[in-house]
Amino acid sequence: MTKLSTSTKEKLKKVSTATVATCLFKKGLKNQFIQNVKPLKLGRPTMVGEAYTLRYIPAREDLNPIDVFRDPKHLQRVAVEECPEGAVLVIDSRQNARAASAGSILVTRLMVRGASGIITDGGFRDSAEIADLDFSSYHNRPTAPTNLTLHQAIAINDPIGCGDVAVFPGDVIIGDDDGVMVIPAHLADEVADECIQMTLYEDFVLEKVQGGKAIIGLYPMVDEEIRLMFEKWKSDKN
């Protein structure tokens, strides 16, 4: 499995999920945006980390009484304690927010252990407390019932579906105010490099548009004169 390098991680922190989405679309990957999740708090730094996954199945009442939390091997708790530093815990809650995927205590523990963030296609309880943490978190909506009401933790670090996106352990997760993109691990370095260049060009385009220039020929760049203008602009920036 390709390991996310510090260099690639820092590059991805400088680009947007929108730019990543366009880059992946060019490569034929059209379904990498996790649907129906949003940040609990806007304006946080861009979240980047490798996926560490937790999968829920529908709870069955005889297997999910409240005292199952006493089991030190309960997989929800184990996932929180074993999620690697810098990783993002991605939870497959079957897009069901009628019961919580986690609450503020578990999310705080993840933060203290050095994870980069947490995502569920369900919901969190204690959502206001989670939003106040210095930690990136994404969900569908707040919800109060304990996860045991509807969810049984069944597997850690297996391939999952989250918000209609396939997430494999080690895939690179990037999240900002727009939402969350999943980058296949083997493409992370390539995508980071391309997105840095795309972002640079977008900065150039925005500067020109703010100055009154029309977008025809500029965005996308199909005019040779504009290409030369961009190369000079980059040179002047350096």
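Provided above is the structure to which this section pertains.
Student: For this particular structure, what's the right way to read helix α6 (residues 188–210)?
Tutor: For α6, spanning 23 residues, the distance from its first C-alpha to its last is 32 Å, which sits close to the expected 33 Å at 1.5 Å a residue. Within α6, the full set of buried residues consists of Ala188, Val191, Ala192, Cys195, Met198, Thr199, Tyr201, Phe204 and Val205. Its buried side turned inward, α6 meets α1 (6–12), α2 (17–26), β11 (172–176), β12 (179–183) and α7 (224–237). Following α6 by one or two positions, Gly212 adopts a phi angle in the positive range, close to 105 degrees.

Student: What exactly am I supposed to notice about the state of the cysteines here?
Tutor: Here, the word disulfide means a covalent bond between the sulfur atoms of two cysteines. Summed over all chains, the structure comprises 0 disulfides. The closest cysteine sulfur to the non-disulfide-bonded Cys162 is located on Cys83, 14 Å from its own sulfur. Cys162 gets classed as buried once you look at its relative accessible area, which sits at 0%. In this structure Cys195 is a free cysteine whose sulfur lies 4.1 Å from that of Cys23, the closest cysteine sulfur available.

What counts as what
Residues numbered from 1 in each chain as written. Predicted model: local features only at pLDDT ≥ 70, side-chain atom pairs only at ≥ 80, totals over all residues. Heavy atoms only, no water. Helix = DSSP H or I, 4+ residues; strand = E, 2+ residues; numbered from the N terminus. Expected span 1.5 Å × (residues − 1). Buried < 20%, exposed > 50% of the residue type's maximum accessible area, 1.4 Å probe, protein only. Contact = heavy atoms within 4.5 Å. Disulfide = S-S within 2.5 Å.

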